[in-house]
Amino acid sequence: MSFKSIVRELKEMRDGIGSLSRRSAESKHWHSRVKSHVVPDVTLNPLEPVQQGQWAHVPPELLLDIIRRVEESETSWPARTVVVSCASVCKSWRAVTKEIVNTPEQCGRLTFPISLKQPGPRESPIQCFIRRNRETSTYLLYFGLVPSENGTDKLLLAAKKIRRATGIDFVISLVANDFSRSSNTYVGKLRSNFLGTKFTICDNQSPHQAGTQPNGRSSKRFHTKQASPRVSAGNYTVGTIAYELNVLRTRGPRRMNCTMNSIPVSAIQEGGTAPTPTSLPQIIDEQFPLSPSLKGKAPIIDVSSTSLLELPVQSQGLVEPLVLKNKAPRWHEQLQCWCLNFKGRVTVASVKNFQLVAAVDPSHNLSTAEQEKVILQFGKIGKDIFTMDYRYPLSAFQAFAICLSSFDTKPACE
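The shown structure was predicted, so the numbers you read here are calculated from the model rather than taken from an experiment. (Residues numbered from 1 in each chain as written. Predicted model: local features only at pLDDT ≥ 70, side-chain atom pairs only at ≥ 80, totals over all residues. Heavy atoms only, no water.)

One simple way to see leftover space: roll a probe sized like a water molecule over the atoms. One number sums up the size of the second largest pocket: a volume of about 490 Å³. Together, 27 residues line the second largest pocket, and P253, W338, C339, S350 and N353 are the ones closest to its centre. Considering only residue class, the lining of the second largest pocket consists of 15 nonpolar, eight polar and four charged. (1 Å grid on protein atoms, 1.4 Å probe; cavity = no way out; pocket = protein on both sides within 12 Å on 5 of 7 lines; lining within 4 Å. Points joined across faces, edges and corners; volume = space filled by probe spheres on them. Nonpolar A, V, L, I, M, F, W, Y, C, P; charged D, E, K, R; others polar.)

Okay, the nonpolar core next. Core analysis: the biggest nonpolar cluster contains 53 residues, and I130, L376, M388, F400 and I402 have the highest contact counts within it. A total of nine residues in this core trace back to one element, the largest contributor, which is helix α7 (residues 396-407). For F400, the contacting residues outside a window of four places in its chain are I130, Y139, L141, L157, A158, A159, I172 and M388. If you look at the next biggest cluster of nonpolar residues, it comprises 21 residues, including V58, V70, W77 and W93. (Core = buried A, V, L, I, M, F, W, Y, C linked by side-chain atoms within 4.5 Å. Buried < 20%, exposed > 50% of the residue type's maximum accessible area, 1.4 Å probe, protein only. Helix = DSSP H or I, 4+ residues; strand = E, 2+ residues; numbered from the N terminus. Contact = heavy atoms within 4.5 Å.)

Looking now at the pairing of strand β2 (residues 138-143). The element β2 is largely enclosed, with a buried count of five among its six residues. The pairing of strand β1 (residues 126-133) with β2 spans six bridges and is classified as antiparallel. The residue of β2 that forms the bridge with I130 is L141. Relative to strand β3 (residues 154-163), β2 runs antiparallel, the two sharing six bridges. Its bridge partner lying in β3, F143 is registered against K154. (Pairing = 2+ DSSP bridges.)

Our next topic: the sheet that holds strand β4 (residues 168-173). With antiparallel pairing, the 12 strands of this closed barrel are ordered in space as β1-β2-β3-β4-β5-β6-β8-β9-β11-β14-β15-β16. This sheet shows a mean twist of 20° between the axes of neighbouring strands, independent of strand direction. Here β4 runs beside strand β5 (residues 186-192); their pairing, made up of five bridges, is antiparallel. Each residue of the ladder has a partner; that of S173, found in β5, is Y186. (Axes fitted to C-alpha atoms, helices over the stretch in contact; angles between N-to-C directions.)

Note that an α-helix has 3.6 residues per turn; residues three or four places apart therefore point the same way. Over its 12 residues, α7 runs 17 Å from end to end, which matches the ideal 16 Å to within 8%, given 1.5 Å per residue. Where burial is concerned, most of α7 is hidden: 12 out of the 12 residues are buried. Buried residues of α7: A396, F397, Q398, A399, F400, A401, I402, C403, L404, S405, S406 and F407, and no others. (Expected span 1.5 Å × (residues − 1).)

Quick look at unusual backbone geometry now. Residue P78 follows W77 across a cis peptide bond; omega there is 5°. One can find P78 in the loop between α2 (60-73) and α3 (81-87). The phi torsion at N365 lies on the positive side, around 55°, for a residue other than glycine. Relative to the elements of secondary structure, N365 occurs in the loop between β14 (354-358) and α6 (368-372). In this structure N365 comes out as exposed when scored by relative accessible area, which is 69%.

So this is what it looks like as structure tokens:
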């Protein structure tokens, strides 16, 4: 069997799994209508093996070679959907795929939902664009240089602007049609104060829920519907954004500072590393489904898994957080305006345009090149279309949240 035929059959298997799940759900709904008696709730035994089909018995060496070739050949979306399809075949294929697929920092590519919360590449940035819809107050983050003509752009994240009495919330989700905090597609939010000068980036996962158990016992697992007083499903602050007030009403661009509480300043120093989560146990992506026999069950949360973020807090005084500041523009005499070199990625003048660089103390001995390196840039290229390019140590989620703060009006800062 040729390599292309294997990939084609994988796609057909994935489509078949989805249709089988839908037929099963319809059958359960019909039986629930015709039966009037009460039946006991039968839950799936976690120790019971799940039938995985004929592809689960592929020799490990052959399986490793197939998935490695698929991962190396399909480097961009939408073709990279094949890699996700490999992880959707069965448990053994998923384990091998997750082992082969590297993080964005290592390979510069986005594959699974967890990639959106992992740091970007150190060298070349990941290039994305944001489409704003004024009528629905939504902001969609897509992967790619500019919008495509056929509309097949890969949606990464979506945000909805919600006005409150004391400020504004930007609720961030994996999909564009569900912004409920109780949904398993909810990943975080951005909250502003009344003046729109200070913002707080909130993550749906606590950086401190992860913890190894000293006695070596297995971690406790429970369904999300089970209440636990020690584990909150709320929001956890991972960063703050502050815009400086323009009291004297002087001419010039906005000035902002971003304090990333979840990223230590040592991450940008030589040999430093940024926290890199490896799983999102609360999130089930439609492109990365569970086994058909597990669909319909509540997602399982691993309370003590070390795959969650393990980060100290700035308030505890353990580490110094990374602080980003907007790069100072230069005044162009001929154009009579402030200018920044966006290297062709921004084409329309706007007060929202910015570039962020690291703001470090001279005692950290950071090279001039690292201090001048643009970690995040955002700018306008057309009506309601903006580009967003980010790199290490920021993740797509963190970069998107920072860019969302620029959409809010700030009369006191301009």
